[in-house]
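Letter by letter, the chains look like this.
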Amino acid sequence: MRSLYHDGRTVMHRLPAGAKLAGLMVVAVLLFLTRSIPLLAFAMLATGTIYLGLGQPLRVAIRPLVPILATILAVVGLHLLFNGVEEASVTGLRLTALMLLAASVTATTSISDFIAVISQAAMPLERLGLLKAADIGLAVGLVVRFVPEIITRYDAIREAHRARGLTPKAGTVIAPLIIATLKDADSIAAAIDARGIRGQ
Amino acid sequence: MFGRVQIIFDQTQLRYGEHSALAPLTLSLSEPRIGVIGLNGSGKTSFARLINGLAKPTSGTVTLDGLDTVKDERAVMAKAGFIFQNPANQIILPIIRDDIAMGPKSRGLKGPALEAAVDSVLDRFGIAHLADRRPHELSGGELQLAALAAVVVTEPGVILFDEPTNQLDLKNRAMVKAAIEGLAQHAIVITHDLDLIRDYPRVLVFHEGALAFDGAGTEAVTHYVEIVGA
Amino acid sequence: MKTRDLVLIALFAAIIVALGAVPPITLGFIPVPITAQSLGVMLAGVVLGAKRGVLAVALVILLVAIGLPVLSGGRGGLGVFAGPTVGFLLGWLPAAYVTGRIAEGFAGYTFAATKQTLGFIAAAAIGGVLVLYLFGIGYLAFGAGLGLEKAFYGSMAFIPGDLIKAVVAGLAGRAVMVGYPILHRSA
């Protein structure tokens, strides 16, 4: 699984993850508080400039944004039809600016930096006894580790169907997939505990 | 480097409701290589899991170098490594190197010391070339070696193997056998693969939830074959 | 949290991700293929219950946030949260919780088959459709400024398909309860 992080040496890359996330939230609030079209247009140009200046090849930069832009344009279209140009512009500019800034944070922050800042932010919850911060990184690792195996299992189940002359259907593939996957939980958990990884 | 590890079963019994998984057992283990054989359901896996605390005795005690598996659970698990039958389910992070580093990392090791420990164990088992690979791409034998590396790097005094070669083909089985043979720490190997333990100084045979034979490897195998009528 | 629960949550999150990565699958009785990821979300509540179900879904959302393209179509990254349909993503959280709470009431492998299946279908429909659309339409209406009426009309085309998914989820949930029951009354 390829992450959307793109290595580089720009200012955004060197900012700490926590600062970027906090900044993103502040800008998000500001963007939703204003209805000024000049201001929003400026925001969109500024965030667009930042995003395109991160050093990603153009195709790599645009690809993750296309599906989001599609939904923004659909909403803009509906606004144009029913609510007028002003409403369409405010929403379109606002959401696009936010999207570009958010995508900039994603492109300049590595997975491990994200996990570090999230684990740190979870420390107060750990003190309250609600969770263990280290479990977050472990859980993310487990998911990324086992997704390929589950996909392989899915393909195997489909093949088994075809070998018996059946069409693989949602009704007959999904339950076996879940059962076979979750049955592994006990042995995986035993291996984790035997290695003392969760420090209990 | 690791010295003798002594495991003592004192009137240890394991029951699941009505069913007796292991009849009361009293014995002491300290040989560097011990084999455990028996049919499925004979009690051999229960026996193994009682040693590192994965299973807790219904009555009686199990101690490892004086540490009780119930009262000193964490210390026991730190001293006794465990290798499971399914190679893939023991690798829990997406890159081999990170998975091996997990054990020492959670015990506080970091930086160059951590890297050195991981590199050392990768070389030790001849899997340095697999360090940056995904577990998905490795063979069963390679995964078992990675799992073994991940356990050895935490420096246990004894390693328990629960049918380590069950899911492996001949070539991979040979790889794992060689790795076990070369271990500095004590090894207790539960297995169906009689060749693995035939030369061991001590092999226990379990049958129907109780210890049926306790002696040298070759005799144990003969006895086992007899009981089973194979 | 028990290690086993942590692993169940992570494995289910991995299932949801995997279902987003494979091509759409056919339903059989209708020739239209469906994207199975949202089916996975409904199933999180039915199979794992409210607490573990919500955590599994939260884990998937976390993966999106940290830049992994785990949503169907390879979507991911913080940009997703800026889109007008983000209510349908964050809505997975209350949806899985509600589905889980209702499903827990029908838990147990001694429960009568038809009653349990219908209970699971109801759980999937109420959580995975009613609650989810509440949040999805809510954000479209107030966050994207469409207003309730337009937001609803814009989304209603998808509702019949999702209701069918809820039926499939209920049936699959029953099959899992028979094959490997892990849902219990107060999970």
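Structure first, text after, so check above.
So, a few notes on the structure that sits alongside this text. The residue numbers shown here count from 1 along each chain, following its written sequence. In the order they appear in the text, chains get letters beginning with A and ligands get numbers beginning with 1. Residue-level local features of this predicted model are given only where pLDDT is at least 70; pairs of side-chain atoms are given and counted only at 80 or more, and the full residue set underlies all totals for whole chains, interfaces and linings.

1. Notes on the overall build of chain C
A tally of helices and strands in chain C yields eight helices and two strands. Within these notes, the globule rule equals 2.2 Å times the number of residues to the 0.38 power, and the radius of gyration is based on C-alpha atoms. Against the globule reference of 16 Å for 187 residues, chain C gives a C-alpha radius of gyration of 16 Å, in line with a compact fold. The principal-axis extents of the C-alpha atoms in chain C amount to approximately 50 × 35 × 30 Å. By the burial criterion, 59% of the 187 residues in chain C qualify as buried. Counting contacts in chain C only where the partners sit at least 6 residues apart, residues at least 24 apart contribute 74% of the total. Think of it this way: any DSSP run of H or I at least four residues long counts as a helix, any run of E at least two long counts as a strand, and we number them from the N terminus. In this scheme the burial state of a residue depends on its C-beta neighbours within 10 Å: 20 or more other such atoms mean buried, 12 or fewer mean exposed, and anything in between means partly exposed; the C-beta positions come from the backbone. Distance between backbone-placed C-beta atoms decides contact: two residues are in contact if it is within 7 Å.

2. With respect to the overall build of chain B
Tallying secondary structure elements over chain B gives eight helices and ten strands in all. Expected size for 230 residues packed as a compact globule is a radius of gyration near 17 Å; at 18 Å, chain B falls within 12% of this value. Dimensions along the principal axes, computed over C-alpha positions, put chain B at roughly 50 × 40 × 35 Å. Going through the 230 residues of chain B one by one, you find that 47% of them count as buried. At a minimum sequence separation of 6, the contacts of chain B that also span at least 24 residues come to 66%.

3. Thoughts on the interface of chain A and chain C
Counting residues at the interface gives 59 residues for chain A and 57 residues for chain C. Listing elements by their share of the side of chain A that touches chain C, those giving two or more residues are helix 5 (66-82), helix 6 (85-108), helix 7 (111-121), helix 9 (133-163), helix 10 (170-183) and helix 11 (185-194) of chain A. When residues of the side of chain A that touches chain C are assigned to their parent elements, the largest contribution, eleven residues, is made by helix 10 of chain A. Taken together, the residues that form the side of chain A that touches chain C break down as 44 nonpolar, seven polar and eight charged. Each residue gets one label: Ala, Val, Leu, Ile, Met, Phe, Trp, Tyr, Cys and Pro are nonpolar, Asp, Glu, Lys and Arg are charged, and the others, such as Gly, are polar.

4. Let's talk about the interface of chain A and chain B
If you look at the interface, chain A gives 17 residues, while chain B gives 23 residues. Going through the elements one at a time, helix 9 and helix 11 of chain A are the ones with two or more residues in the side of chain A that touches chain B. Across the side of chain A that touches chain B, the residue classes tally to nine nonpolar, four polar and four charged.

5. Overview of the environment of Ser104 of chain A
Along the chain, Ser104 of chain A falls in helix 6. Contact partners of Ser104 of chain A, with chain neighbours within four places excluded, come to Met12, Thr47, Ile50, Tyr51 and Leu54 of chain A.

6. Some points on the arrangement of the chains
Highest in contacts among the two pairs of chains that touch are chains A and C. Here chain B and chain C are not in contact; the least distance found between their C-alpha atoms is 10 Å.

7. Some points on the sheet that holds strand 1 (residues 7-16) of chain B
Two modes of strand pairing occur in sheets, parallel and antiparallel, and in both the strands are linked by backbone hydrogen bonds. Residue and element names in this part refer to chain B. In this scheme, strands are said to pair when DSSP sees at least two bridges between them. As summarised here, the arrangement of the four strands in space is 2-1-4-5, forming an open sheet in which the pairing is antiparallel. Two strands bound the open sheet, and with one partner strand each, they are strand 2 (19-29) and strand 5 (67-68). Bridge count between strand 1 and strand 2: seven bridges; the pairing is antiparallel. The residue bridging Tyr16 from the neighbouring strand is His19, located in strand 2. Against the sheet, helix 1 (residues 44-52) touches strand 1, strand 2 and strand 4 (59-64), its axis set at about 120° to strand 1. Interaxial angle, 0 to 180 degrees, is taken between N-to-C directions of lines fitted to C-alpha atoms, where a helix line uses only the stretch in contact.

8. Topic: the pairing of strand 4 of chain B
All names here are of chain B. By the bridge criterion, five bridges tie strand 1 to strand 4 in an arrangement that is antiparallel. Bridge pairing in strand 4 places Ile8 opposite Thr63. Note that strand 4 and strand 5 share two bridges and pair antiparallel. Residue pairing for strand 5: Leu64 is matched across the bridge by Leu67. Linking two consecutive strands that pair antiparallel, namely strand 4 and strand 5, is a turn of two residues; a positive phi of about 50° is found at Asp65 within it.

9. Things to note about the nonpolar core
Joining buried Ala, Val, Leu, Ile, Met, Phe, Trp, Tyr and Cys residues through C-beta atoms within 7 Å gives a set, and that set is a nonpolar core. Counting 198 residues, the largest nonpolar core has Val143 of chain A, Ala146 and Ala149 of chain B together with Ala10, Phe12, Ala13 and Ala14 of chain C as the members making the most contacts within it. Segment limits for the domains were obtained from an automatic or database-derived domain assignment. Each of two domains, domain 1 (11-121) and domain 2 (129-194) of chain A, supplies a minimum of three residues to this core. Ignoring anything within four residues of it in the chain, the contact list for Ala149 of chain B reads Ile100, Val121, Leu122, Phe125 and Ile127 of chain B.

10. Some points on the sheet that holds strand 8 (residues 186-190) of chain B
Residue and element names in this part refer to chain B. Read from one edge to the other, the open sheet built from six strands follows the order 6-7-8-3-9-10, with strand pairing classed as mixed. Where the open sheet ends on each side, the last strands, each with one partner, are strand 6 (80-83) and strand 10 (210-215). Along the sheet, successive strands turn relative to each other by an average axial angle of 20°, direction set aside. Each of strand 6 and strand 7 (158-162) is contacted by helix 5 (residues 140-152), which is oriented at about 165° to strand 6, the strand it contacts most.

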